[in-house]
Amino acid sequence: MVIAPGNTETSAEQSAGRRSAAESAGVLSEIIDGVRDDLAVRRSRTTEAELSRRIADVPPALDAHAALTATDRIRVIAEVKRKSPSKGDLAAIADPAELAGHYRAGGAAAVSVLTEERRFSGSLADFDAVRRAVDIPLLRKDFMVTDYQILESRAHGADIVLLIVAALDDAELRGMLELATSLGMTALVETHTPEEIARAVSAGARVIGVNNRNLKTLHVDPGMFDALASSLPAGCITVAESGITGVADVQRFAAAGADAVLVGEALVTGGAPRAAVAEFSSVHKTGNR
Ligand SMILES: O=C(O)c1ccccc1NCC(=O)[C@H](O)[C@H](O)COP(=O)(O)O
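To start, this report covers the structure provided alongside it. What you see is a predicted model; the values in this text were computed from it and never measured. (Residues numbered from 1 in each chain as written. Predicted model: local features only at pLDDT ≥ 70, side-chain atom pairs only at ≥ 80, totals over all residues. Heavy atoms only, no water.)

1. Some remarks on the packing of helix α5 (residues 96–106) against helix α13 (residues 273–281)
Packing of α5 against α13 brings their axes to within 7 Å, and their N-to-C directions diverge by 35°. Judged by the twist between their axes, the crossing of α5 over α13 is right-handed. Contacts between α5 and α13 involve Leu99, His102, Tyr103, Ala105 and Gly106 on the former and, on the latter, Pro273, Arg274, Val277, Ala278 and Ser281. A class-by-class count of the residues in the contact of α5 with α13 yields six nonpolar, three polar and one charged. (Axes fitted to C-alpha atoms, helices over the stretch in contact; angles between N-to-C directions. Helix = DSSP H or I, 4+ residues; strand = E, 2+ residues; numbered from the N terminus. Left-handed = near helix turned anticlockwise from the far one by under 90°. Contact = heavy atoms within 4.5 Å. Nonpolar A, V, L, I, M, F, W, Y, C, P; charged D, E, K, R; others polar.)

Put into structure tokens, the structure is as follows:
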């Protein structure tokens with residue numbers, strides 16, 4: 001696992017209530033430590049052999065590449081997100097399946113379901129409920145650090161998995177990406193710097209996300225996607241992640257060349273998820289990369 005050291009923040013940023021870089025690197029480490037502990041429990045209950053048996057019984061993964069490029073409009077990956085380290089409780093989502101139904105009705109290309117339990121209050125139970133409810137590609141959003149989680153994701157019917165470059169070394173990234181691909185899934189490979197984009201490309205990523213949220217400082221910089229767009233290779237599908245508060249942000253990322261946006265907080269707190277997804281999905285892709 002690689003977690004790069006954080007940047008130095010100004011005192012103004014710290015006084016604005018953001019975590020220091022050192023603290024935030026600690027948050028990411030803490031999240032992954034918790035993920036590993038929870039994983040150990042699940043592994044003791046369900047073996048990889050059992051997951052492989054279950055995979056044989058689930059329908060094939062849906063084609064996320066096609067879903068993310070189906071029109072000349074921006075495609076929306078709409079997230080089921082209850083809570084986050086940066087914002088705390090976001091929304092009491094009584095019925096994640098109903099929420100996902102609204103996303104689908106609004107034209108979402110895919111639904112992302114956070115399954116990390118300790119910091120996001122997500123669960124595989126949420127994922128299963130959404131899987132039963134919608135027939136569009138599902139992203140299992142978690143902190144993937146082992147092949148076991150890739151197998152587990154497919155066994156639960158995931159079509160897409162998130163691989164965070166900053167959390168993986170090159171061999172892990174390549175191996176997990178290849179495993180996901182061999183199971184018919186798409187890997188959304190998340191980056192934050194030109195170097196991470198180069199690592200993603202070299203590992204074989206075809207869908208590359210730029211997270212506007214710095215996972216070390218938790219600061220959201222909407223300029224991040226714009227700044228990195230020229231480093232994204234032609235031919236890959238690009239996703240602008242995090243910090244989308246309204247249609248103006250979607251237009252901005254469309255102009256910078258994004259194919260899709262990943263949106264959580266604005267949809268779960270906005271009160272009109274179907275309408276918001278429909279509005280965001282109406283934005284034309286205007287950018288050239
Ligand atoms: O959301 C966080 O605070 C967070 C903190 C540390 C690691 C990951 C985090 N979020 C995961 C995500 O990638 C977002 O849920 C997703 O991009 C949607 O972001 P937003 O629209 O800003 O809720």
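2. Notes on the site of the ligand
Not every one of the 19 residues close to the ligand is listed here, only the nearest: Glu79, Lys81, Ser86, Lys141 and Ser242. One nitrogen or oxygen atom from the main chain of Gly264 is found 2.8 Å from an oxygen atom belonging to the ligand. The residue makeup of the shell around the ligand, split by class, is seven nonpolar, six polar and six charged. (Near = heavy atom within 4 Å. Polar contact = N/O pair within 3.5 Å; in protein donor to acceptor, adjacent residues only side chain to side chain.)

3. A few points about the packing of helix α7 (residues 147–155) against helix α8 (residues 170–182)
Following both chains from N to C, one finds α7 and α8 inclined at 20°, their axes separated by 9 Å at the closest point. Judged by the angle between their axes, α7 and α8 are roughly parallel. The interaxial crossing formed by α7 with α8 has right-handed handedness. Within the contact between the two elements, α7 uses Asp147, Ile150 and Leu151 and α8 uses Met176, Leu179 and Ala180. Taken together, the residues of the contact of α7 with α8 sort by class into five nonpolar, no polar and one charged. (Parallel < 35°, antiparallel > 145°, perpendicular 65-115°, else oblique.)

4. A word on the pairing of strand β8 (residues 207–211)
Burial analysis of β8 places five of its five residues in the buried class, the great majority of the element. Pairing geometry for strand β7 (residues 186–191) and β8, over four bridges, is parallel. Across the sheet, the residue bridging to Val189 is Ile208, located in β8. Alignment of β8 against strand β9 (residues 237–241), held across five bridges, turns out to be parallel. Paired with Gly209 across the strands is Val239, a residue of β9. Handedness of the crossover is the feature at issue here: the chain leaves β8, passes through helix α10 (residues 223–228), returns alongside β9, and the resulting connection is right-handed. (Buried < 20%, exposed > 50% of the residue type's maximum accessible area, 1.4 Å probe, protein only. Pairing = 2+ DSSP bridges. Right-handed = clockwise from strand over helix to strand, strands pointing away.)

5. Considering the nonpolar core
Ranked by internal contacts, the top residues of the largest apolar core, which has 95 residues, are Tyr103, Val111, Ile150, Leu163, Phe225 and Val261. It is helix α2 (residues 21–45) that provides the largest number of residues to this core, a total of six residues. (Core = buried A, V, L, I, M, F, W, Y, C linked by side-chain atoms within 4.5 Å.)

6. Description of the packing of aromatic side chains
As enumerated under the stated definition, the model contains two aromatic pairs in all. Ring centres 5.9 Å apart and planes at 75° place the aromatic pair Phe225 and Phe253 in the edge-to-face group. You can see Phe225 sitting in helix α10 and its partner Phe253 sitting in helix α11 (residues 247–255), a full 28 residues away along the chain. Overall, the relative accessible area of 1% leaves Phe253 in the buried class. (Phe/Tyr/Trp six-rings, centres within 6.5 Å; stacked < 30°, edge-to-face > 60°.)

What is shown is where atoms sit, not what they do.
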